[in-house]
Amino acid sequence: MRVIAGIARSLPLKTPNGMQTRPTSDRIKETLFNMLQSDIPGAVFVDVFSGSGGIGIEALSRGAKKAYFIENDAAAIQCISQNLSFTKLEDNAIILKQDAVGAIHNIYEKTVDIIFMDPPYASGLEKSLLIGFSNMKYVTEDTVLIVEADLKNDFAWTKEYGYKILKEKCYKTNKHVFLMREE
């Protein structure tokens, strides 16, 4: 795994040992960031279930002004810290070492531009998080929320909590669901 583009381009990233995390492949990460490229410069980015930190680090490398990394696994947190140090992007990073649902209350920003979450599949945590985010003042009508999920996961329920689905980008085994608050 590596940083695809930006100031840390081509630098390799460490990943935690074991099966606790599923790093997003370089190909899928590149596709995701190609879709977001005009939204990243100057953005406040939140990477929930950060794992190795690869998604948030990619955002920082491409010009995000700040990235939050939310993770509660000790090995993953160590990996994120090492990757941020190696890429020299730690000055613009905040690591929240706690469970995701609790951590969203510890983001102190006027607005957040992009929230990316990759919860364990079939955990149901995306629902808890989207409900939680719907009550956060920093999630505005301009905030893009992206959920990495199993292909079979249906997000029609999000309308009930004030979200609209902008698009779904499907890959072989998973998908990215792009959401925004209804105006």
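Everything here concerns the structure above.
S.K.: Before we go on, may I ask you to explain the overall build of the protein in this structure?
M.R.: Scanning the protein from terminus to terminus reveals five helices and seven strands. Taken from N to C terminus, the helices and strands of the protein fall in the order α-β-α-β-α-β-α-β-α-β-β-β. Scaling as 2.2 N^0.38, a compact globule of 183 residues should have a C-alpha radius of gyration of about 16 Å, and the protein matches this with 15 Å. The C-alpha extent of the protein, read off along each of the three principal axes, is 40 × 35 × 30 Å. A buried classification covers 49% of the 183 residues belonging to the protein. Here the protein displays about 8800 Å² of accessible surface, and carbon together with sulfur accounts for 49% of that area. A distance of 3 Å separates the average location of the 22 positive side-chain charges in the protein from that of its 23 negative side-chain charges.

S.K.: Looking at this structure, how should I read the environment of Val3?
M.R.: Along the chain, Val3 turns up in the segment before helix H1 (26-36). By relative accessible area, Val3 is classed as buried at 0%. Linking Val3 and Ile57, residues 54 residues apart in sequence, is a C-alpha distance of 7.5 Å. Here Val3 is in contact with Ala8, Arg9, Ser10, Leu11, Leu13, Ile57, Glu58, Ser61 and Thr87, once residues within four sequence places are set aside.

S.K.: What exactly am I supposed to notice about the side chain of Ser50 here?
M.R.: Mapped onto the fold, Ser50 is located in the loop between strand S1 (44-48) and helix H2 (54-61). Setting aside its immediate chain neighbours within four residues, Ser50 contacts Phe69, Ile70, Glu71 and Ile80.

S.K.: Looking at this structure, I do not really get helix H3 (residues 74-87). What am I missing?
M.R.: Residue pairs spaced three or four apart in an α-helix point in one direction, given the helix's 3.6 residues per turn. The end-to-end C-alpha separation of H3 is 20 Å, in line with the 20 Å expected for 14 residues at 1.5 Å each. All of the buried residues along H3 are Ala76, Ile77, Cys79, Ile80, Asn83, Leu84 and Thr87. Taken around the axis of H3, the buried residues stretch over an arc of 160°, which confines them to a single face. Considering only its buried residues, H3 is in contact with H2, strand S2 (66-71) and strand S3 (93-97). Here H3 starts with a cap whose side-chain oxygen sits 3.3 Å from the backbone nitrogen of Ala75, and that cap is Asp73. Positive backbone phi, approximately 60°, marks Lys88, located one or two places after H3.

S.K.: Is there a simple way to think about the environment of Gly6 in this case?
M.R.: Within the fold, Gly6 resides in the segment before H1. Distance from Gly6 to Ile94, taken between C-alpha atoms, is 20 Å for residues 88 residues apart in sequence. Beyond its immediate stretch of four places on either side in the chain, Gly6 contacts Ser61 and Arg62.

Scoring rules and cut-offs
- Residues numbered from 1 in each chain as written.
- Predicted model: local features only at pLDDT ≥ 70, side-chain atom pairs only at ≥ 80, totals over all residues.
- Heavy atoms only, no water.
- Helix = DSSP H or I, 4+ residues; strand = E, 2+ residues; numbered from the N terminus.
- Rg over C-alpha atoms; globule rule 2.2 N^0.38 Å.
- Buried < 20%, exposed > 50% of the residue type's maximum accessible area, 1.4 Å probe, protein only.
- Areas by Shrake-Rupley, 256 points an atom, 1.4 Å probe, with all protein chains shown as cover.
- Lys, Arg positive; Asp, Glu negative; His and termini not counted.
- Charge placed at Lys NZ, Arg CZ, Asp CG, Glu CD.
- Contact = heavy atoms within 4.5 Å.
- Expected span 1.5 Å × (residues − 1).
- Arc of directions from axis to C-beta.
- Polar contact = N/O pair within 3.5 Å; in protein donor to acceptor, adjacent residues only side chain to side chain.

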